[in-house]
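# Reading the structure
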Number of protein chains: 2
Amino acid sequence: MAVSNIRYGAGVTKEVGMDLQNMGAKNVCLMTDKNLSRLPPVQIVMDSLSKNGISFQVYDDVRVEPTDGSFMDAIEFAKKGAFDAYVAVGGGSTMDTCKAANLYASSPHSEFLDYVNAPIGKGKPVTVPLKPLIAVPTTSGTGSETTGVAIFDYEHLKVKTGIASRAIKPTLGLVDPLHTLHMPCQVVANSGFDVLCHALESYTAIPYNMRSPCPSNPIQRPAYQGSNPISDIWAVHALQIVAKYLKRAVRNPDDLEARSKMHLASAFAGIGFGNAGVHLCHGMSYPISGLVKTYKAKEYNVDHPLVPHGLSVVVTSPAVFTFTAQMFPERHLETAEILGANIRTARIQDAGPVLADALRKFLFDLNVDDGLAALGYSKDDIPSLVKGTLPQERVTKLAPRAQSEEDLSALFEASMKLY
Amino acid sequence: MAVSNIRYGAGVTKEVGMDLQNMGAKNVCLMTDKNLSRLPPVQIVMDSLSKNGISFQVYDDVRVEPTDGSFMDAIEFAKKGAFDAYVAVGGGSTMDTCKAANLYASSPHSEFLDYVNAPIGKGKPVTVPLKPLIAVPTTSGTGSETTGVAIFDYEHLKVKTGIASRAIKPTLGLVDPLHTLHMPCQVVANSGFDVLCHALESYTAIPYNMRSPCPSNPIQRPAYQGSNPISDIWAVHALQIVAKYLKRAVRNPDDLEARSKMHLASAFAGIGFGNAGVHLCHGMSYPISGLVKTYKAKEYNVDHPLVPHGLSVVVTSPAVFTFTAQMFPERHLETAEILGANIRTARIQDAGPVLADALRKFLFDLNVDDGLAALGYSKDDIPSLVKGTLPQERVTKLAPRAQSEEDLSALFEASMKLY
Ligand SMILES: NC(=O)c1ccc[n+]([C@@H]2O[C@H](COP(=O)([O-])OP(=O)(O)OC[C@H]3O[C@@H](n4cnc5c(N)ncnc54)[C@H](O)[C@@H]3O)[C@@H](O)[C@H]2O)c1
Ligand SMILES: NC(=O)c1ccc[n+]([C@@H]2O[C@H](COP(=O)([O-])OP(=O)(O)OC[C@H]3O[C@@H](n4cnc5c(N)ncnc54)[C@H](O)[C@@H]3O)[C@@H](O)[C@H]2O)c1
Ligand SMILES: [Fe+2]
Ligand SMILES: [Fe+2]
């Protein structure tokens, strides 16, 4: 169980120049995306760097929901710049891109697939030293400032995968709630659903002492260890915050309290799932976003079709938790109650449907599109969706219940419509 | 909010040899005390080291509640051994001694006072690299496996002080509940009171955003930052476990569930207070144990007078929280409720007495000695106790309410008798 290094508070970003100076940085790479590059969070970081006399170059070509191609572009930039530190200002897309840039620029002789998760890549352990990376999240979702994970869309296979290593965990996360005031409501909602699923999945993941095979040497322990008494705490707290504040944060851009709480919840859930892992909603989400056809998320201001990560994850959640509940029904009921369900008269064997109903109500209240069908998928796509899920066994094997291909098909089918 | 790396589970200690091998260690220092050196936790570590072909030397002269003299002895041993890694198997006394040994052996030209907290020492920042240190706690108290703190009795001044630096935080804590089965009941009780106070003090410490002066550069932030949303979570969880399991753990040596939970609570509270800090109970405890006359704690099996740390801390808690409650009365009431008080009819202005009563009842149920008088102190000692508290301002300034010398006198006086 590793806890991450984060500093939380309104205004902490102003200190980033001093932090970098303390780390001895002289030539910094500032990564962000084209939307953020025009907004205050990036301006504040640039001012702080300048004020502390630190040279920097800006890379603002981060792709929203990155691909191997967009990662490569950032990596090239990083290699050329020979930077001695990195700052990522943005959502998961930016932080993940920056982690990859730091990794491959520090390991210039590696092939791209070397560090990509097996079976898609080679999943080699990282042994090279990386440069310090400060992550400044501007969404309330991925918790990427706390995790050793970088996710991208592998275009060639049309499926999302990632790189997972403690080595790419940011040196420091600056969680500054003021940055969330600029977030479009749809980004608040979708990144909030990511928090919701990180919490629900890590809390219902297979317990750490039931995972198999048990590695014979502790160095082979996976980053994702299964649910455990420490990740449980983070998951439950994050879920409580989501239940209490997400709707307010979506509906009112000026509700600093609600947006601040969600910003913290995203880091909490990140610490939780970064140790425990996620399972089926995430495993199934990767083909849902990878195979996107024409769906374009509102308010994302990007020029390519996109099912935002949080939406791709939450859309299967009612089906997934109906399926998994038979294993740890008490935990499923407990989370349903946190989300507002009345469980006093619920029977233990109804834990799945009770949680699923609570989730559907939550999504309906926030005007979420009605299932995979609304995202452009039909029954004919199910075989490809299943095929895209199978290589995600790094996460799917953390589900409390094993899944056959038929089970996966049924889960996608049950997620076509939500309401 | 910073990193603590812990691995939790029955039997995790068996892996310590592999962990050290993974770190490249070839010549390890195993530190422990004379009681533990005859018990299974040390045996298990030695077996694991041997099995993995790692050479090691045992130092079992750790003093229970260490002094500058006993630290120096361990430091000499460490310097001579030129070790490349350390394993500490024991309670706070052992872990703290091992941290100091590692620090000064890695910084051979430093004077002892260089790294000791100001104003007693020079409080210099640690810039030398240390060797890896694996901490294996056998008490459920200090949380020292998660903190960058090492406490000792500075005999010359008859007062406890310490070394505080992120650099001495253990590389890894192996929290193995099986070790707690060997603990004498009095050690369970007293180390449990330490957890209780870590939780209560860090939860009621001045909030991180009200601390002053605000350092102009983040590198000057103290390790103890004041209460914050993350430490709050650890504190509340630890307190809930103490309320539910400490009595069971004390009363029944075979209650593995209760003892396991307390073992985890001690790490939780350690992560909490390691970031937020402690305040008056701890600040006032240092002279209480430093000035000990003839009191000898039961079941500690040591040849010197001793007020165990947990006892020295908890004995002033009813007085302290009566004094501090006016600042954050809701938090005081909330913790009283966790400890079993009925607060439904309590008025907010009674928060202090309500919490104090809950504490008194808790201590009475566990047969704790009746106040400072029972530990051998009289009114005549109060001036020296106050004098010993004044240099502890590193912690006392984290109290939610400022204290004059008269206030401190009154707190010691009110702690002469508890019941
Ligand atoms: N590394 C991890 O641990 C992890 C975990 C979950 C998801 N992810 C990945 O993270 C990505 C999603 O990241 P995300 O949900 O944080 O969103 P994002 O980074 O993709 O950004 C979403 C949109 O919001 C805009 N935006 C972000 N912050 C803004 C702000 N404060 N003001 C105005 N506009 C803002 C961006 O420009 C973009 O258009 C996906 O690729 C996903 O797979 C990573
Ligand atoms: N570093 C920190 O963060 C921190 C925090 C709080 C307290 N402390 C310090 O830690 C010290 C107290 O440590 P402690 O309370 O853990 O106790 P300890 O290490 O002083 O041990 C207390 C007694 O219990 C025995 N013992 C310990 N574990 C045992 C086991 N499993 N079976 C049988 N006997 C066992 C020891 O031999 C000793 O006699 C004090 O010096 C205190 O100031 C440090
Ligand atoms: Fe996610
Ligand atoms: Fe303590």
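So, how was this worked out
- Residues numbered from 1 in each chain as written.
- Chains lettered and ligands numbered in written order.
- Predicted model: local features only at pLDDT ≥ 70, side-chain atom pairs only at ≥ 80, totals over all residues.
- Heavy atoms only, no water.
- UniProt positions renumbered as here; feature names shortened; annotations may be inferred.
- Near = heavy atom within 4 Å.
- Polar contact = N/O pair within 3.5 Å; in protein donor to acceptor, adjacent residues only side chain to side chain.
- Areas by Shrake-Rupley, 256 points an atom, 1.4 Å probe, with all protein chains shown as cover.
- Helix = DSSP H or I, 4+ residues; strand = E, 2+ residues; numbered from the N terminus.
- Domains from an automatic or database assignment.
- Buried < 20%, exposed > 50% of the residue type's maximum accessible area, 1.4 Å probe, protein only.
- Arc of directions from axis to C-beta.
- Contact = heavy atoms within 4.5 Å.
- Disulfide = S-S within 2.5 Å.
- Least-squares fit on C-alpha atoms with pLDDT ≥ 70 in both.
- Donors = N, O, S within 2.8 Å, 3.2 Å for Na, K, Ca; no water.
- Tetrahedral: all angles 85-135°; square planar, octahedral: opposite > 155°, others 65-115°.
- Pairing = 2+ DSSP bridges.
- Axes fitted to C-alpha atoms, helices over the stretch in contact; angles between N-to-C directions.
- Salt bridge = Lys/Arg side-chain N within 4 Å of Asp/Glu carboxyl O.
- Buried area = accessible area lost by both parts, 1.4 Å probe.
- Right-handed = clockwise from strand over helix to strand, strands pointing away.
- Phe/Tyr/Trp six-rings, centres within 6.5 Å; stacked < 30°, edge-to-face > 60°.
- Lys NZ or Arg CZ within 6 Å of the ring centre and 35° of its normal.

Per an unreviewed UniProt entry, chain A carries the name Hydroxyacid-oxoacid transhydrogenase, mitochondrial and comes from Mus caroli. Of chain A, the UniProt comment under Sequence similarities (unreviewed entry) reads exactly: "Belongs to the iron-containing alcohol dehydrogenase family. Hydroxyacid-oxoacid transhydrogenase subfamily." Annotation of chain A in UniProt includes, under Subcellular location (unreviewed entry), the sentence "Mitochondrion".

Let us look at the site of ligand 2. Residues and elements named next belong to chain B. As a matter of local geometry, ligand 2 sits amid 31 residues, with D33, G92, S93, T138 and T139 nearest to it. K160 is positioned such that a nitrogen or oxygen atom in its side chain is 3.0 Å from an oxygen atom of ligand 2. Here ligand 2 has 870 Å² of accessible area as a free molecule, and 97% of this is covered by the chains. Breaking the shell around ligand 2 down by element, the ones donating at least two residues are helix 4 (92-105), strand 6 (149-154) and helix 5 (185-204). Two domains share the shell around ligand 2, each providing at least three of its residues, namely domain 1 (6-179) and domain 2 (183-414).

Residues and elements named next belong to chain B. Taken as a whole, helix 14 (residues 382-389) has its buried residues at I382, L385, V386, G388 and T389. All buried residues of helix 14 project into a common sector of 160° when viewed along the axis, lining one side. Turned more than 90 degrees away from the buried face of helix 14, the exposed residues are P383 and K387. Taken together, the buried residues of helix 14 touch strand 7 (159-164), helix 8 (280-290), helix 15 (393-396) and helix 16 (405-414).

What follows deals with the state of the cysteines. All names here are of chain B. In total, this model carries zero disulfides over all chains according to the counting rule given. Here C29 stays unpaired: no disulfide links it, and the sulfur of C98, its closest cysteine neighbor, is 5.8 Å away. Accessibility expressed as a relative area gives 0% for C29, which makes it buried.

This part is about the relation of the copies chain A and chain B. The transform that puts chain A on chain B rotates by 180° and translates by 0.0 Å along the axis, for an RMSD of 0.0 Å. In the structure described here, the two chain copies are related by an operation that fits a two-fold rotation axis. Interface residue correspondence from chain A to chain B reaches 96%, placing this contact among same-surface, isologous pairings.

Moving on, we come to the coordination of the iron ion (ligand 3). All names here are of chain A. Donor atoms from the polypeptide that coordinate the iron ion (ligand 3) comprise D194 (OD), H198 (NE2), H282 (NE2) and H309 (NE2), at 2.1 to 2.2 Å from the metal. Geometry at the iron ion (ligand 3) is irregular, judged from the four donor atoms that bind it and their angles of 84 to 169° at the metal. All donors to the iron ion (ligand 3) come from one chain, and their sequence spacing reads D-x3-H-x83-H-x26-H. Here H282 lies in helix 8 (residues 280-290) and H198 lies in helix 5 (residues 185-204), a separation of 84 residues in the sequence. Classification of H282 by relative accessible area gives buried; the value is 2%.

Let's shift gears to the environment of L103 of chain A. Residues and elements named next belong to chain A. Looking at the element boundaries, L103 is found in helix 4 (residues 92-105). Residues L103 and T139, spaced 36 residues apart in sequence, show a C-alpha to C-alpha distance of 23 Å. Leaving out residues up to four positions away in the same chain, L103 has contacts with Y115, V126, L130, I163 and I168.

Quick look at the sheet that holds strand 3 (residues 55-62) of chain A now. Residues and elements named next belong to chain A. Ordered by their spatial adjacency, six strands build an open sheet running 1-8-5-4-2-3, and the pairing between neighbours is parallel. Of all strands in the sheet, those bounded by a partner on one side alone are strand 1 (6-8) and strand 3. Strand after strand, the sheet turns through a mean of 20° between neighbouring axes, direction not considered. Taken together, the six bridges between strand 2 (residues 27-33) and strand 3 define a ladder with parallel strand orientation. Note on strand 3: the bridge partner recorded for V28 is F56. Sitting on the sheet, helix 3 (residues 68-81) touches strand 2, strand 3 and strand 4 (85-90), and the angle it makes with strand 3 is about 165°.

So, on to the pattern of salt bridges. Oppositely charged side chains can pair when the atoms bearing their charge come close. According to the stated counting rule, one finds 34 salt bridges over all chains in the structure shown. Residue R248 of chain A is joined to E257 of chain A by a salt bridge in which the shortest nitrogen-to-oxygen separation is 3.0 Å. R248 of chain A sits in the partly exposed class, given a relative accessible area of 33%. The closest approach of N and O atoms between R248 of chain B and D255 of chain B, which form a salt bridge, is 2.8 Å. Put simply, R7, E15 and D19 of chain A are held in one network by salt bridges that share partners.

Moving on: the coordination of the iron ion (ligand 4). Residue and element names in this part refer to chain B. Around the iron ion (ligand 4), the protein contributes the donor atoms D194 (OD), H198 (NE2), H282 (NE2) and H309 (NE2), which lie 2.1 to 2.2 Å from the metal centre. The site at the iron ion (ligand 4) holds four donor atoms, and with the angles between them running 83 to 169°, its shape is irregular. One chain supplies every donor to the iron ion (ligand 4), and in sequence these donors are spaced D-x3-H-x83-H-x26-H. Of this pair, D194 sits in helix 5 while H282 is found in helix 8, placing the two residues 88 residues apart along the sequence. Grouping residues by exposure puts D194 and H282 together as buried.

This part is about the interface of chain A and chain B. Facing 27 residues of chain A, the contacting portion of chain B comprises 26 residues. Buried surface at the junction of chain A and chain B, both sides included, amounts to about 2500 Å², of which 63% is carbon and sulfur. In this structure, the connection of chain A to chain B is made through zero salt bridges. Inspection of the region where chain A meets chain B yields one residue pair in polar contact (both at pLDDT 80 or more). Where the side of chain A that touches chain B is concerned, the elements lending two or more residues are strand 1, helix 1 (16-22), helix 6 (229-251) and helix 7 (256-276) of chain A.

Turning our attention to the pairing of strand 5 (residues 133-137) of chain B. Residue and element names in this part refer to chain B. Of all five residues in strand 5, five are buried, a share of seventy percent or more. The side-chain alternation of strand 5 yields two buried faces, one formed by L133, A135 and P137 and the other by I134 and V136. Relative to strand 5, strand 4 (residues 85-90) is paired through five bridges, and the arrangement is parallel. Residue pairing for strand 5: V87 is matched across the bridge by I134. Once the chain exits strand 4 it traverses helix 4 before rejoining the sheet at strand 5, and the crossover so formed is right-handed.

This next bit is on the packing of aromatic side chains. The tally for this structure, following the rule as stated, stands at 23 aromatic pairs over all chains. Aromatic pair W234 of chain A and W234 of chain B: ring centres 5.1 Å apart, planes at 80°, arrangement edge-to-face. Here W234 of chain A is found in helix 6, whereas its partner W234 of chain B is found in helix 6 (residues 229-251) on a different chain. Residue W234 of chain A is classed as buried on the basis of its relative accessible area of 0%. Cluster of aromatic residues (ring-pair linked, three or more members): F71, Y104, F112, Y115, F152 and Y154 of chain A. Looking at R331 of chain A, its charged tip hangs above the ring of Y203 of chain A, at a distance of 4.1 Å from the centre.

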